[in-house]
Amino acid sequence: MLEIHDLHAGINGKEILKGIDLVVKEGEVHALMGHNGAGKSTLSNVIVGHPAYEVTQGSITWNGKDLLALKPEERAHEGIFLSFQQPVEIPGVSMVNFMRAALNAKRKYHGLEPLPAADFLKLMREKRKIVELDNKLANRSVNEGFSGGERKRNEIFQMAMLEPTLSILDETDSGLDVDALRVVAEGFNKLRTPQTSAIVITHYQRLLDYIRPDVVHVLIDGRIVKTAGPELAAEIEQRGFDWLKPEAGEDKTDHI
Amino acid sequence: MMRSEQQYIDLFTAHHEALSAHSVPAMNALREQAFEDFCRMGFPTQKVERYKYTDVAEAFAPDYGVNVRGLAFPVNPYQAFRCDVPNLSTSLYFVVNDRFYDDETVKRPSLPEGVIIDSLSRVARERPQLVEPYYGRLARSSKDAINALNTMLAQDGLFIYVPRNLAVPRPIQVVNILRADVPLMANRRTLVVLEEGAQLQLLICDHAMDDHAFLTTQVVETFVGENAHLECYELEETHSQNHRFSNTYVDLSACSTATLGSITLGCGLTRNRTDVTLSGENGEARLIGAVIADGEQHADNNTLIDHRAPNCQSTELYKYVLDGSAVGAFAGRVLVREGAQKTTSQETNANLCATRTARMYTQPMLEIYADDVKCSHGSTVGQLNDAALFYMRQRGVPEDEARLLLKFAFVGEVIDSIHLPALRDRLHYLVEKRFRGELGRCAGCGDNMKCGGERQQ
Ligand SMILES: Nc1ncnc2c1ncn2[C@@H]1O[C@H](COP(=O)(O)OP(=O)(O)OP(=O)(O)O)[C@@H](O)[C@H]1O
Ligand SMILES: [Mg+2]
């Protein structure tokens, strides 16, 4: 279970998250929506421990552990995965070596031996199928020369490899064509278990038609202003966010 | 203050006769002139363009022993044999300090008829016509103090000769071993002659067997005949007490090709000068280099590619990864002379400084006196990519490991461009060990084993 309490965080002295409270229970899928610049990616980055962001107040616990005290790699080993909004390319580091290093580091953290080479390659093959990732891509350097959509598909492939218990999908749908979106979303659904939970960040209902969220949150200017059931996403699609903005006058200075 | 030069002048004056007595006429013939040149020039200061980044006089100031009487240093070559690059199945030769080593324990690999790999002084004595036309012709003592000093003091070295139209089937591996009980200066000389149409693959490994301070001068002169093809890779795996000054000269005749690789995995102070002359049409020179340095290590590569003939190609790729307080320097000058039309040349130097205290100097230079050419050059100095680092950590790769993967990927481009598959594989392995800090002084010899530890006295 992920528990975020009164989280304030920012970058270079600029506050972006202004008091977030969020609880994601085992097995739940939460959708997070909100206009550009609201702080959705910032929240994702803070959860996974991006060193550029500074937490000034509040707490995040994960299954009772103080997440903020863990290094990014330890958070990953504890089962947290972020599908990045803009995955970087890493020339010269092959997907195979990268995934091997990641998987074996996690195994080591949990007291397991490295996976034998043959088993590892078999696992790569199996997981590739889930998101229909081309073998050619899996043999290249990480994201090098991948198209926008291919990168997103590759994120979910890595998720499949690492079997996280909390997945954060930061606009994984953007850049995917209609068919790819279906494949990737169905792949994501295949990976779900009653023990896994997810935070799905999106601007569109489309993805949520495949991945049915249990809860929908709206983040505006660093705060969650509304939480409701899946019907909220449909309403936002219709009406936008303006009707959800805090009362005029309340927060004016922050908007300028 | 005593000038650094003085002790070498004194040494030569005092031991001139012994130096000559333990060498051969072909080498002795240039000794006096080299001495005069050295006295006239002295060591270059850092104001001299090609020595901007290395303080030569300082490196030569300490008092090292010089083995003027050619005494043999016993080593166990089978110890050194482990420096072999496995699966490469090379023909193996040794040079200990500055002498070709072939006592009765060393097996002589069998070579095709006419190919010579032997002691330079022996060949010069027995078949001077093979040495005299070449010795000192490229490495002029009047032009460079290291050339002068080496020519003054060198008594032996390595001679490689491949006759016309012959391809040496297996790579030749030369293991240079530094071995001493006191601080030692070694002056090594190498002459490589490929006749028309000849082919050779050469791997030279530099090792230091003892913890003593070493100072080496090395002069390599390489003649690549028309249509001949040379691949030569030099791998240095010495230690922080080693000071290496190496000058390599390569002359390429028409339609010949040369790949020259220089990999510095471990060093103290290393200064490599590489001068390549494309003197015939349709020649091709490919220079690659990688430096991995940390601590107080200093690695300076200085290259000149001299396009004298039309229709030649040259490419150059050097990459450095500097950690700790290491200092790296790369100065690469490409000179396209008048009349060298249709030259294509590409020069790249990319560097990674993994710490704030590491320093890199990079200076690619293009000088063009012909109008129909295609030349480019570029250099970069950067840090590890933070976004990539974080991406990897998010997936669970520990920070140190992520750094290592990025450094490894960076240097990988150079290693991947090596044509010998077994050497390429071995270097990937050695480079990874080097970054993990698991490389002993001489890791080619086997895991966690120090050569010196099992030395036979
Ligand atoms: N590294 C940074 N330096 C300065 N400002 C930043 C940085 N990262 C984020 N911000 C600012 O923080 C605010 C929130 O950005 P964030 O990326 O979290 O928004 P988002 O909700 O994910 O938006 P989008 O829907 O466009 O992805 C924005 O105003 C952004 O400009
Ligand atoms: Mg975002």
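Data block above holds the structure.
All figures in this text were calculated on a predicted structure; none of them were measured in a lab.

Definitions and limits used
Residues numbered from 1 in each chain as written. Chains lettered and ligands numbered in written order. Predicted model: local features only at pLDDT ≥ 70, side-chain atom pairs only at ≥ 80, totals over all residues. Heavy atoms only, no water. Contact = heavy atoms within 4.5 Å. Buried area = accessible area lost by both parts, 1.4 Å probe. Salt bridge = Lys/Arg side-chain N within 4 Å of Asp/Glu carboxyl O. Polar contact = N/O pair within 3.5 Å; in protein donor to acceptor, adjacent residues only side chain to side chain. Helix = DSSP H or I, 4+ residues; strand = E, 2+ residues; numbered from the N terminus. Nonpolar A, V, L, I, M, F, W, Y, C, P; charged D, E, K, R; others polar. Buried < 20%, exposed > 50% of the residue type's maximum accessible area, 1.4 Å probe, protein only. Pairing = 2+ DSSP bridges. Axes fitted to C-alpha atoms, helices over the stretch in contact; angles between N-to-C directions.

Below, the discussion takes up the interface of chain A and chain B. Frequently, the measure chosen for interface size is the accessible area removed from exposure when the parts meet. Contact residues are listed per partner, giving 29 residues for chain A and 15 residues for chain B. Interface area, chain A with chain B, both sides summed: about 1800 Å², of which 71% is carbon and sulfur. Remark: the boundary between chain A and chain B carries two salt bridges. Of the charged contacts, one joins R393 of chain B and E73 of chain A as a salt bridge, the two residues approaching to 2.7 Å between their closest N and O atoms. Counting across the interface, chain A meets chain B through 11 residue pairs in polar contact (both at pLDDT 80 or more). Of all the secondary-structure elements, those providing two or more residues to the side of chain A that touches chain B are α1 (40-48), α2 (72-77), β6 (80-83), β7 (90-94), α3 (95-109) and α6 (148-162) of chain A. Residue composition of the side of chain A that touches chain B, grouped by class: 19 nonpolar, seven polar and three charged.

Moving on, we get to helix α8 (residues 145-153) of chain B. All names here are of chain B. Counted residue by residue, α8 has nine buried out of nine residues, so it is predominantly covered. Listing the buried residues of α8 in full gives A145, I146, N147, A148, L149, N150, T151, M152 and L153. Among the structural elements, α1 (6-21), α3 (31-41), α4 (56-60), β7 (184-194), β9 (214-224) and β11 (242-252) are those in contact with the buried residues of α8. For α8, the N-terminal cap is D144; the gap from its side-chain oxygen to the backbone nitrogen of I146 is 2.7 Å.

All names here are of chain A. Read across the sheet, six strands follow the order β6-β9-β10-β3-β11-β12 without closing on themselves; strand pairing throughout is mixed. Since the sheet does not close on itself, it has two edges, and those belong to β6 and β12 (223-228), each with one partner. Neighbouring strand axes in the sheet, compared pairwise and without regard to direction, differ in orientation by 20° on average. Sheet analysis places strand β11 (residues 215-220) next to β12, joined by five bridges and oriented antiparallel. Paired with H217 across the bridge in β12 is T227.

For the rest of this paragraph, the subject is the pattern of salt bridges. Enumeration over the complete set of coordinates arrives at 42 salt bridges over all chains. The shortest N-O distance in the salt bridge between E155 of chain A and R395 of chain B comes to 2.5 Å. Taken as a pair, E155 of chain A in helix α6 and R395 of chain B in the loop between α9 (386-394) and α10 (399-416) lie in two separate chains rather than in one. Exposure remark for E155 of chain A: the relative accessible area of 0% places this residue in the buried category. Note that D144 of chain B and R273 of chain B form a salt bridge whose closest N and O atoms lie 2.7 Å from each other. In this pair, D144 of chain B is assigned in the loop between α7 (128-131) and α8 and R273 of chain B in strand β13 (residues 269-278), connecting sequence segments 129 residues apart. We note that D144 of chain B, like R273 of chain B, is buried. Among the ionic contacts, a cluster of salt bridges with common partners joins R188, D206, E234, E236 and R244 of chain B.

That is the geometry; function is a separate question.
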